[in-house]
Amino acid sequence: MSDLERFLVGPEDVVHVKVARLQGSGPREAGAGMFVSRKAQHGTIGGGQLEYMAIDHARRMLADGQDKTEMQVTLGPESGQCCGGRVWLALERLDRASRVRVIEADARDRQADPQVMIFGAGHVGRALVHVLAALPVQTVLVDTRPDELSRVDTACDKRLVALPEAEIDGLRPGAAAVIVTHDHALDFLIAAEALKRPGLAYVGMIGSKTKRASFSGWQRRNGIRVDEQRLTCPMAAEQKGDKRPEVIAVQIAAEVMSRLGQYQSIRESMERQE
């Protein structure tokens with residue numbers, strides 16, 4: 001069950017606040033939304049005074065028994081924000097049928113999120129799963145060691161397998177493969193399989209420039225030919241110094257999300273040209 005579903009299946013009345021229209025600059029795009037109950041909220045329309053005003057308006061709706069209303073806010077001095085644009089918000093109290101539709105739509109959206117397959121449930125892999133939990137991706141964690149997988153308490157698709165490299169075949173176009181296992185030889189096997197797959201947005205392997213050179217030599221000795229330019233190793237190379245797993249995980253996640261976004265932008269541009 002997703003966080004949104006847990007929020008919506010409760011007994012409290014809920015108002016959906018949606019950015020119906022945006023003119024000029026604003027903190028969130030048209031279509032963005034959040035859900036507001038009397039004491040809690042899920043999601044965001046960008047924070048700041050705009051969000052406070054919308055939450056207050058939604059809770060007045062709940063108190064007054066109002067079903068629908070609209071707000072128009074200029075993002076200037078009078079609203080305590082300096083974006084300079086204008087936002088139209090649609091607020092609607094959700095009945096039971098509407099909640100079901102929202103939950104179903106959210107499930108479809110999450111299925112369309114890009115995959116990030118992490119190979120290795122060690123300290124970096126576990127930290128990366130935790131970081132990605134808040135992001136719009138489908139996280140898959142692969143390992144050969146049941147004890148390491150059992151230490152992961154963050155919700156994700158956990159796969160205990162004998163041949164991690166075989167999982168590459170199940171990745172969809174636009175996915176990311178992040179290789180952080182406990183074994184350099186296994187890293188090389190997985191990286192080689194990932195680089196054979198066209199259409200992956202990101203293939204990253206933990207390690208140094210020396211490890212990358214070792215991978216090149218391993219390829220030559222084993223008669224393997226892949227496009228090594230597609231391999232990111234070291235990952236998050238510009239960030240140096242702090243080797244705490246949590247810090248490394250944040251840096252890798254930022255790099256992965258950037259690459260996923262670039263892939264999606266290129267794909268959308270190509271589709272518009274067709």
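Here is what the cut-offs are and how they apply
- Residues numbered from 1 in each chain as written.
- Predicted model: local features only at pLDDT ≥ 70, side-chain atom pairs only at ≥ 80, totals over all residues.
- Heavy atoms only, no water.
- Salt bridge = Lys/Arg side-chain N within 4 Å of Asp/Glu carboxyl O.
- Helix = DSSP H or I, 4+ residues; strand = E, 2+ residues; numbered from the N terminus.
- Buried < 20%, exposed > 50% of the residue type's maximum accessible area, 1.4 Å probe, protein only.
- Pairing = 2+ DSSP bridges.
- Axes fitted to C-alpha atoms, helices over the stretch in contact; angles between N-to-C directions.
- Polar contact = N/O pair within 3.5 Å; in protein donor to acceptor, adjacent residues only side chain to side chain.
- Contact = heavy atoms within 4.5 Å.
- Phe/Tyr/Trp six-rings, centres within 6.5 Å; stacked < 30°, edge-to-face > 60°.
- Lys NZ or Arg CZ within 6 Å of the ring centre and 35° of its normal.
- Expected span 1.5 Å × (residues − 1).

Chemist: I'm lost on the pattern of salt bridges in this one. Help?
Modeler: Pairs can form between side chains of opposite charge whenever their charged atoms are close. What the rule picks out here adds up to 14 salt bridges. Residue R6 pairs with D3 through a salt bridge whose shortest N-O separation is 2.4 Å. Taken together, the residues R6 and D3, both in helix α1 (residues 3–8) and three residues apart, mark about one turn of the helix. Of the residues examined, R6 reaches a relative accessible area of 46% and is grouped as partly exposed. As a salt-bridge pair, R28 and E29 come within 3.2 Å of each other at their nearest N and O atoms. A relative accessible area of 27% means that R28 is categorised as partly exposed. Ionic contacts of the salt-bridge type, sharing partners, join the residues D13, D67 and R93 into one network.

Chemist: What is the right way to look at the sheet that holds strand β3 (residues 41–43) in this model?
Modeler: Strand-to-strand pairing in sheets goes through backbone hydrogen bonds, with the strands running parallel or antiparallel. The sheet built from five strands is open, its strands ordered β3-β2-β1-β5-β4 with antiparallel pairing. Of all strands in the sheet, those bounded by a partner on one side alone are β3 and β4 (68–74). Adjacent strand axes in the sheet meet at a mean angle of 20° when their direction is disregarded. Pairing geometry for strand β2 (residues 33–36) and β3, over three bridges, is antiparallel. In the strand pairing of β3, M34 is matched with G43.

Chemist: Sorry, what's going on with the side chain of Q138 here?
Modeler: The residue Q138 is located in strand β7 (residues 138–143) in this model. For Q138, the side chain forms a polar contact with the main-chain oxygen of D113, separated by 3.1 Å. Contacts of Q138, omitting those with residues within four sequence positions, involve R110, Q111, A112, D113, P114, Q115, V116 and R172.

Chemist: Explain the packing of aromatic side chains to me, please; I cannot follow it from the model alone.
Modeler: Geometrically, a pair of aromatic rings is defined through the distance of the ring centres and the angle of the planes. Across all of its chains, the model carries three aromatic pairs by this definition. Relative to F215, the ring of F188 has its centre 5.4 Å away and its plane inclined at 55°; by these criteria the two rings are tilted. Residue F188 is found in helix α6 (residues 184–196), and its partner F215 is found in helix α7 (residues 209–222); the two are separated by 27 residues along the sequence. Classification of F188 by relative accessible area gives buried; the value is 7%. An aromatic cluster is defined as three or more aromatic residues linked by ring pairs; in this entry it consists of F188, F215 and W218. Over the ring of W88 we find R21; its NZ or CZ atom is 4.1 Å from the centre of that ring.

Chemist: What should I look at first to understand the sheet that holds strand β6 (residues 115–119) in this one?
Modeler: Pairing is parallel across the open sheet formed by six strands, whose spatial order is β8-β7-β6-β9-β10-β11. The open sheet has two edge strands with one neighbour each: β8 (157–160) and β11 (231–232). Judged from the five bridges that link them, β6 and β7 form a sheet pairing that is parallel. From the neighbouring strand, F119 faces β7, where its bridge partner is V142. Strand contacts of α6: β6, β9 (176–179), β10 (202–205) and β11, with the helix running at about 165° to β10, the strand carrying the most contacts. Helix α8 (residues 245–273) contacts β6, β9, β10 and β11 of the sheet and is inclined by roughly 155° relative to β9.

Chemist: Quick question: what am I supposed to make of the environment of K240 here?
Modeler: Residue placement: K240 occurs in the loop between β11 and α8. Judged by relative accessible area, K240 falls into the exposed class, the value being 65%. Residues K240 and D147 lie 93 residues apart in sequence; the distance between their C-alpha atoms is 30 Å.

Chemist: How do you make sense of α7 when you look at a structure like this?
Modeler: Residue pairs spaced three or four apart in an α-helix point in one direction, given the helix's 3.6 residues per turn. Taking 1.5 Å of rise per residue, the 14 residues of α7 would be expected to cover 20 Å, and the 20 Å separating its terminal C-alpha atoms lies within 8% of that figure. Looking only at α7, the buried set comprises K211, F215, S216, G217, W218 and Q219. Tucked inside the fold, the buried residues of α7 contact α6, β10 and β11. The N-capping residue of α7, defined by a side-chain oxygen 3.3 Å from the backbone nitrogen of T210, is S208. G223 lies just past α7 and shows a positive phi near 65°.

Chemist: Whenever I open this one, the environment of E193 confuses me. Can you help?
Modeler: By secondary structure assignment, the location of E193 is in helix α6. The exposure class assigned to E193 is partly exposed, which follows from its relative accessible area of 27%. Taking the C-alpha atoms as reference points, E193 and P173, separated by 20 residues in sequence, lie 14 Å from one another. Ignoring any residue separated from it by four or fewer positions in sequence, one finds E193 in contact with E165 and I168. There is a polar contact of 3.1 Å between the side chain of E193 and the side chain of K196.

So yeah, pure geometry; function would need other evidence.
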